[in-house]
Amino acid sequence: MKDYIEERAMNIANYIIENNATVRQTAKEFGISKSTVHKDVTERLGQINPSLAAEARKVLDVNKSERHIRGGMATREKYLHQHGG
């Protein structure tokens, strides 16, 4: 069981880095919760591959800092489509 979790943590980190993915996108892709994604990257992967964990963390931090922009764009898109913009 432990091997599976470690492998998943590595796969998650690689997915985040390769796709510049958000926690939400990653959770959806792997069929797990956002908190599991977070825990895998920060805690589990930090113990087995600290450099990979740090790299994935960097991507997640950038995405987190930009999330308010994406949220605003999504709301704008929704509004434009509803009102024939």
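Whatever comes next refers back to the structure up there.
How each quantity is defined
- Residues numbered from 1 in each chain as written.
- Predicted model: local features only at pLDDT ≥ 70, side-chain atom pairs only at ≥ 80, totals over all residues.
- Heavy atoms only, no water.
- Helix = DSSP H or I, 4+ residues; strand = E, 2+ residues; numbered from the N terminus.
- Rg over C-alpha atoms; globule rule 2.2 N^0.38 Å.
- Buried < 20%, exposed > 50% of the residue type's maximum accessible area, 1.4 Å probe, protein only.
- Contact = heavy atoms within 4.5 Å.
- Core = buried A, V, L, I, M, F, W, Y, C linked by side-chain atoms within 4.5 Å.

A.B. asks: I keep staring at the overall build of the protein and nothing clicks. Help me out?
C.D. replies: Looking only at helices and strands, one finds 4 helices and 0 strands in the protein. Here the C-alpha radius of gyration of the protein, 15 Å, is well above what a compact globule of 85 residues would show, namely 12 Å. C-alpha atoms of the protein, sized along the principal axes, occupy 50 × 25 × 20 Å. Evaluated residue by residue, the protein yields a buried proportion of 25% over its 85 residues. If you take every contact in the protein between residues at least 6 apart in sequence, the share linking residues at least 24 apart comes to 57%.

A.B. asks: What am I meant to see in the nonpolar core here?
C.D. replies: Across soluble globular proteins, you tend to see nonpolar side chains buried next to one another. Counting 14 residues, the largest nonpolar core has Ile12, Ala13, Ile16, Val37, Val41, Leu45 and Ala56 as its most contacted members. Of all the secondary-structure elements, those providing two or more residues to this core are helix H1 (2–19), helix H3 (34–48) and helix H4 (50–82). In this view, Ile12 contacts Thr26, Phe30, Ile32, Val37, Asp40 and Val41; residues no more than four positions away in its chain are not counted.

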